[in-house]
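Coordinates in review
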Amino acid sequence: SNTRYLKLRVAAIGDDRYAIFVSDMSEQRRFEAMRRDFMTNVSHELKTPAGAISLLAETIGDAADDPDAVRYFSGRIAKESTRLTELVHRLIDLQKAQDAGGVLDAKRLSVLSVVRHAIAENQVQADASHIELDLSFGGEPVPLEHAKGEPDATISCDEESITTSVKNLIENAIHYSPEHTTVRIAISAHDGKVKIRVIDQGIGIPAESIDRVFERFYRVDPARSRQTGGTGLGLAIVKHCVADCGGTVSVWSREGEGSTFTIELPLAEDVDAQAQTGEDDA
Ligand code: ADP
């Protein structure tokens, strides 16, 4: 909102003379409100599976002599604990990305190897969902294993941040796509920029939600997402991680057609060239 919060302080600076100090506290107020909302969300998100687990554990005690019931309830307990664990891991990832604020351990990395790593981490899930993962560089198909003499591009980035980002995008693409579809990961490098696009043929995102998907805990359909095990933190992590690498992330989507998430990063060659120019100027 446009409300401004001002703090006024009056000090006597001499006989009948006063000074008024005005500080604008608006930013701080907004930051505190955001932090409060975040904590409320976190507690709620942690309490839900934790509460379910204790309830299910009690129920299992009552149903001890019915093997089918025991199997059912222990399955649900396992599912809720997985959810709790995932949530905690995601919160740690988000915290790391937010704390880093651009002072991460930037290394020169091969884009292809980062992307291949992220694909490998999703392969089991893709196979289970009968989704094909398909990689290309500059419009040409590339195998999922490293090949000699292939074209590549270099970025300067924290390895964990960028790998997590690409991994999260592929994970979502699989998660929000029907079986027997393809998720394409298309890399291109020109004009000093590297683009990593993750293109799915999934359910898509409604136009009214598209601006909000990078917000922490935002989900298009909370009921469905909870059922399928989402946390609403994946894209918030991507946004922070990519920003720490000096890049941006954007989305195109149409409901029923699919979504494309694009990570854009400066080419490392270009980063060097800029550093060079900087020296010349000095
Ligand atoms: P979640 O853990 O719920 O997937 P994210 O932060 O990763 O959380 O994504 C936020 C929301 O954006 C999701 O709940 C989903 O509604 C929507 N979303 C993200 N990626 C996709 C995609 N590839 N296709 C359709 N919807 C998506």
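This text follows the structure it describes.
Small disclaimer: the values here were computed from a predicted structure and weren't measured.

Further remarks concern the environment of Ser-253. Tracing the sequence through the fold places Ser-253 in strand S9 (residues 248–254). Separated by 140 residues in the primary sequence, Ser-253 and Ser-113 place their C-alpha atoms 27 Å from one another. Once residues lying within four places of it in the same chain are set aside, the contact partners of Ser-253 are Gly-204, Ile-205, Ile-210, Gly-258 and Ser-259. Within the structure, Ser-253 has its side chain in polar contact with the backbone nitrogen of Ile-205 (distance 2.8 Å). Among the polar contacts made by the side chain of Ser-253, one reaches the main-chain carbonyl oxygen of Gly-258 at a distance of 3.1 Å.

With that settled, the discussion passes to the sheet that holds S9. Across the sheet, six strands lie side by side as S5-S4-S7-S8-S10-S9; this open sheet has mixed pairing. The sheet is open, and its two borders are formed by strand S5 (140–142) and S9, each paired with just one other strand. Looking at each pair of strands side by side, their axes are set apart by 25 degrees on average, direction ignored. When strand S8 (residues 193–199) meets strand S10 (residues 258–266), the two strands line up antiparallel, connected through seven bridges. Looking at S10, one finds that Val-198 is bridged to Phe-261. Strand contacts of helix H6 (residues 234–244): S9 and S10, with the helix running at about 140 degrees to S9, the strand carrying the most contacts.

Attention shifts here to the site of the ligand. Among the 20 residues in the neighbourhood of the ligand, the closest are listed as Asn-172, Tyr-176, Asp-200, Thr-231 and Leu-235. The backbone of Gly-234 places a nitrogen or oxygen atom 3.3 Å from an oxygen atom of the ligand. If you list the elements that add at least two residues to the shell around the ligand, you get helix H4 (159–175), helix H5 (222–227), H6 and S10. Residue composition of the shell around the ligand, by class: nine nonpolar, eight polar and three charged.

Right, let's get into the pattern of salt bridges. For the structure on display, the rule yields 14 salt bridges. As a salt-bridge pair, Glu-159 and Lys-107 come within 3.3 Å of each other at their nearest N and O atoms. With Glu-159 in helix H4 and Lys-107 in strand S3 (residues 106–110), this pair connects stretches of sequence that are 52 residues apart. For Glu-159, a relative accessible area of 33% translates into the label partly exposed. A relative accessible area of 39% places Lys-107 in the partly exposed class. With a shortest N-O distance of 3.6 Å, Lys-193 and Glu-264 are connected by a salt bridge. One end of the pair, Lys-193, is in strand S8; the other, Glu-264, is in strand S10, and 71 residues separate them in sequence. On the accessibility criterion, Lys-193 (42% relative accessible area) is partly exposed. Within the structure, one salt-bridge network assembled from shared partners comprises Glu-45, Arg-83 and Arg-219.

About the cut-offs
Residues numbered from 1 in each chain as written. Predicted model: local features only at pLDDT ≥ 70, side-chain atom pairs only at ≥ 80, totals over all residues. Heavy atoms only, no water. Helix = DSSP H or I, 4+ residues; strand = E, 2+ residues; numbered from the N terminus. Contact = heavy atoms within 4.5 Å. Polar contact = N/O pair within 3.5 Å; in protein donor to acceptor, adjacent residues only side chain to side chain. Pairing = 2+ DSSP bridges. Axes fitted to C-alpha atoms, helices over the stretch in contact; angles between N-to-C directions. Near = heavy atom within 4 Å. Nonpolar A, V, L, I, M, F, W, Y, C, P; charged D, E, K, R; others polar. Salt bridge = Lys/Arg side-chain N within 4 Å of Asp/Glu carboxyl O. Buried < 20%, exposed > 50% of the residue type's maximum accessible area, 1.4 Å probe, protein only.

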